[in-house]
Structure formats: C-alpha cells, structure tokens
Amino acid sequence: MRILKFGALPALALILGACAGPAPQEVSLTAVDMAFHPDALEVTAGRPVRLTMVNEGALDHDFSILEMPMETTGATAVAMPGHDMGAMTLDPQLHMAATTGMSNTIEFTPTKPGTYEFFCTVPGHKEAGMLGTLVVKAP
Ligand SMILES: [Cu+2]
C-alpha cells in the first residue's frame, strides 16, 4: 500500500501538468546599474517563456525587445506598474519594468528562431551597457 501511495503522487502531478499545456521555460535575470546578468539568454521557439527580472540596482530598469515574432496572452507582454514611459518614443513589443528592489515577470511565446536584442529603455542606460541578446533556438 505504501509503495502505491508514493507512486501515485508523481503520476498525478504529471497528469495535472499535461492538462495545463507545455510547461513554461523559466528564465531569470538580474538588472543592476548598469548591466543585465546574464546578458545572454537562450530559449526554445514555440514554447511559453516565463521571464523574471530582479532589479538589484538603485535605479528603475526595464527589459525591452523592440521586435520579435511571438504569441502572447492578453496584456502579459507589457508589465510596468509604476513605470513612467511618458518620455519614451519607442514602442517595444516586449516591455517589462521593475522599480529598484523589486522584481517582475512577463510571459510570451517566441515563435521564430533567431537572435534578438534586449535592452533597458531608460534614457542613457542602453548606452551605459544595459543590453544583451535573447537567442531563440529552433525546437
Ligand atoms: Cu536601466
């Protein structure tokens, strides 16, 4: 009986997981003044990505990609509570801000393999080194 109990739990988790669709690819990075760590991320096309950014800097930062073929569910491609984009002339497809000491999470599914640049849109930050590459691999 005991063996059956322990065996049934992972099987149940597997079934529940399958019902919720493919498991998201968990990716995380840290923003500091003025860089992203790491500055290179790698994901697989066609699978949902759950990206978390932790802001360990003293300034507000964001993670933005100007253009990338992707699927999103609703407003998840733009997450920026308390973030002033008033002076911004850019209109990034993917944009997530985190104020100092906070973290934020965004979800999207990249649909086309390639190498995409990400950067911080706060004026002067990209120039100071806040940029990196997101590599989307073929499935
Ligand atoms: Cu920044």
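Rules of the game
Residues numbered from 1 in each chain as written. Predicted model: local features only at pLDDT ≥ 70, side-chain atom pairs only at ≥ 80, totals over all residues. Heavy atoms only, no water. Salt bridge = Lys/Arg side-chain N within 4 Å of Asp/Glu carboxyl O. Helix = DSSP H or I, 4+ residues; strand = E, 2+ residues; numbered from the N terminus. Buried < 20%, exposed > 50% of the residue type's maximum accessible area, 1.4 Å probe, protein only. Core = buried A, V, L, I, M, F, W, Y, C linked by side-chain atoms within 4.5 Å. Pairing = 2+ DSSP bridges. Donors = N, O, S within 2.8 Å, 3.2 Å for Na, K, Ca; no water. Tetrahedral: all angles 85-135°; square planar, octahedral: opposite > 155°, others 65-115°. Contact = heavy atoms within 4.5 Å. Phe/Tyr/Trp six-rings, centres within 6.5 Å; stacked < 30°, edge-to-face > 60°. Lys NZ or Arg CZ within 6 Å of the ring centre and 35° of its normal.

## Quick notes on the pattern of salt bridges
Pairing is possible between side chains of opposite charge, provided their charged atoms come close. Scanning the model with the defined rule gives four salt bridges in all. Here glutamate 42 and lysine 137 are joined by a salt bridge, their closest N and O atoms 3.3 Å apart. Of this pair, glutamate 42 sits in strand β3 (residues 40–44) while lysine 137 is found in strand β11 (residues 131–137), placing the two residues 95 residues apart along the sequence. A relative accessible area of 51% places glutamate 42 in the exposed class. Assessed through its relative accessible area of 37%, lysine 137 is described here as partly exposed. In this structure, lysine 126 and glutamate 117 form a salt bridge, with 3.1 Å as the shortest nitrogen-oxygen distance. Salt bridges here are not isolated pairs; linked through shared partners, they connect Glu26, Arg50 and Glu107.

## A word on the nonpolar core
Formed by 25 residues in total, the largest nonpolar core has its most connected members in Leu51, Phe63, Met68, Phe108 and Leu134. Those elements giving two or more residues to this core turn out to be β1 (25–32), β3, β4 (49–55), β5 (61–65), β8 (94–98), β9 (103–110), β10 (114–119) and β11.

## Description of the sheet that holds strand β6 (residues 70–71)
If you walk across this open sheet you meet the five strands as β2-β1-β4-β9-β6, and the pairing is mixed. Both outer strands of the open sheet, β2 (35–37) and β6, are each paired with one neighbouring strand and no more. Bridge count for β4 against β9 is six bridges, and the pairing is antiparallel. When the bridges of β9 are listed, valine 54 appears paired with serine 103.

## Quick word on the coordination of the copper ion
For the copper ion, the full set of protein donor atoms is His61 (ND1), Cys120 (SG), His125 (ND1) and Met130 (SD), at a range of 2.0 to 2.7 Å. Seen from the copper ion, its four donor atoms lie at angles of 79 to 138°, and the figure they make is irregular. Here the donor residues of the copper ion are spaced in sequence according to H-x58-C-x4-H-x4-M. Exposure class is identical for cysteine 120 and histidine 125. Each is buried.

## Considering the environment of leucine 66
Within the secondary structure, leucine 66 is located in the loop between β5 and β6. Since its relative accessible area comes to 38%, leucine 66 is described here as partly exposed. Taking the C-alpha atoms as reference points, leucine 66 and leucine 90, separated by 24 residues in sequence, lie 7.8 Å from one another. Filtering out sequence-adjacent residues up to four positions away, leucine 66 remains in contact with Leu90, Asp91, Pro92, Gln93 and Phe119.

## A word on the packing of aromatic side chains
The final tally for this structure, using the stated rule, is three aromatic pairs. Ring geometry for phenylalanine 36 and phenylalanine 63: centres 6.3 Å apart, planes at 75°, overall edge-to-face. Note that phenylalanine 36 is positioned in strand β2 and phenylalanine 63 in strand β5, a separation of 27 residues in sequence. As far as burial versus exposure is concerned, phenylalanine 36 and phenylalanine 63 are alike and both buried. Residues phenylalanine 36 and phenylalanine 118 carry aromatic rings whose centres are separated by 5.2 Å and whose planes lie at 75° to one another, so their mutual orientation is edge-to-face. In this pair, phenylalanine 36 is assigned in strand β2 and phenylalanine 118 in strand β10, connecting sequence segments 82 residues apart. Phenylalanine 118 matches phenylalanine 36 in its accessibility class, with the two residues each being buried. An aromatic cluster of three or more residues is present, and its members are Phe36, Phe63 and Phe118. The ring of phenylalanine 119 carries the charged tip of lysine 126 above its face, separated from the ring centre by 4.7 Å.

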